[in-house]
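Structure at a glance
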Amino acid sequence: MITLFTMERDYPYGTLRSTNGSKTKVVLAEKGLAYQTETVSPGAVWKKLPEILAKHPLGKVPWIEDGDLVLYDSTVINEYLNEKSANNPLLPTDPSKRALARALENYADEGVLSKFLPLIWMPWWSPEAQRDADSMEKGRQGMREQIFPFLEQTLADNDYLCGEFSLADVPMMAVAMVLEVDGMDVSEFAQTEAYLQRLRNRPSYQAISPQRSVVETAGS
Ligand SMILES: N[C@@H](CCC(=O)N[C@@H](CS)C(=O)NCC(=O)O)C(=O)O
């Protein structure tokens with residue numbers, strides 16, 4: 001049984017989760033692997049407590065434990081999970097298409113999950129009065145100006161970024177989750193809006209849905 005260590009917390013307006021931990025949860029669900037979730041306290045992560053650094057040398061989540069293996073970084077974990085089980089392969093077989101899928105996954109990680117998304121997402125973990133509305137709007141503006149136009153162009157008429165659902169779409173599941181809570185209007189970007197809804201309709205989204213509590217999504 002694989003154990004996923006991540007940050008998740010129930011709020012009256014939905015369950016909030018680490019975006020990178022959500023990437024891993026989606027792949028565990030897509031691959032049909034048995035897992036359980038252990039929630040790590042955000043305070044322990046932010047303070048970089050020794051017990052966190054012992055598992056993840058950068059003091060972040062997610063990490064997984066699979067027998068003797070302790071593995072961190074959502075991209076590395078997801079490649080491992082994809083190779084561990086032959087079920088539902090999440091990368092194309094052609095080498096150039098495979099590389100392109102990895103490049104798009106990296107685009108989402110660097111350009112969205114590490115850049116604009118935290119500006120929107122981090123304030124949701126604080127009481128409303130303490131949220132930085134300017135920072136949230138800056139994040140939304142970045143999505144509108146840089147990310148959604150790129151998605152419109154890359155998706156073209158395809159359902160998913162590389163045709164079939166792949167690891168390239170996995171970080172975008174976390175985007176779909178954040179924007180479900182945030183309620184950001186995406187209607188100006190028709191392809192993107194339909195794409196995000198398509199991602200939310202996948203059964204694996206149930207593992208990270210803000211509508212489902214920490215307990216309800218503790219494992220497979
Ligand atoms: N590249 C890492 C990024 C992990 C990451 O930034 N995780 C966030 C939560 S979504 C975190 O632990 N942040 C705490 C910190 O940076 O101190 C991955 O993909 O797993």
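Residues numbered from 1 in each chain as written. Predicted model: local features only at pLDDT ≥ 70, side-chain atom pairs only at ≥ 80, totals over all residues.

This paragraph deals with the packing of helix α7 (residues 170–182) against helix α8 (residues 190–201). Remark: α7 packs on α8, axes separated minimally by 9 Å, with the N-to-C direction vectors making an angle of 100 degrees. Put simply, α7 runs roughly perpendicular to α8. Together, Met172, Met173, Val175, Ala176, Leu179 and Glu180 of α7 and Leu196, Leu199 and Arg200 of α8 make up the contact between the two elements. The residue makeup of the contact of α7 with α8, split by class, is seven nonpolar, no polar and two charged. (Axes fitted to C-alpha atoms, helices over the stretch in contact; angles between N-to-C directions. Helix = DSSP H or I, 4+ residues; strand = E, 2+ residues; numbered from the N terminus. Parallel < 35°, antiparallel > 145°, perpendicular 65-115°, else oblique. Contact = placed C-beta atoms within 7 Å. Nonpolar A, V, L, I, M, F, W, Y, C, P; charged D, E, K, R; others polar.)

Segmentation of the chain into domains returns domain 1 (2–89) and domain 2 (95–202). Relative to domain 2, the C-alpha centre of domain 1 lies at a distance of 20 Å. Counting residues at the interface gives 13 residues for domain 1 and 15 residues for domain 2. Counting residues per element, the ones that place at least two in the side of domain 1 that touches domain 2 are β3 (14–17), α1 (19–31) and α4 (74–84). The leading source of residues in the side of domain 1 that touches domain 2 is α1, at six residues. Among the residues forming the side of domain 1 that touches domain 2, the class breakdown is four nonpolar, seven polar and two charged. (Domains from an automatic or database assignment.)

Direction vectors running N to C along helix α6 (residues 133–155) and α8 enclose 80 degrees, while the axes themselves pass 8 Å from each other. In this view, α6 runs roughly perpendicular relative to α8, as classed from their interaxial angle. For the pair α6 and α8, the contacting residues are Phe148, Leu151, Glu152 and Leu155 in the first and Gln191, Thr192 and Tyr195 in the second.

With 13 residues, α1 extends 19 Å between its outermost C-alpha atoms, agreeing within 8% with the 18 Å of an ideal straight helix rising 1.5 Å per residue. Where burial is concerned, most of α1 is hidden: 13 out of the 13 residues are buried. Positive phi appears at glycine 32, one or two residues downstream of α1, with a value of about 70 degrees. (Expected span 1.5 Å × (residues − 1). Buried ≥ 20, exposed ≤ 12 C-beta atoms within 10 Å, placed from the backbone.)

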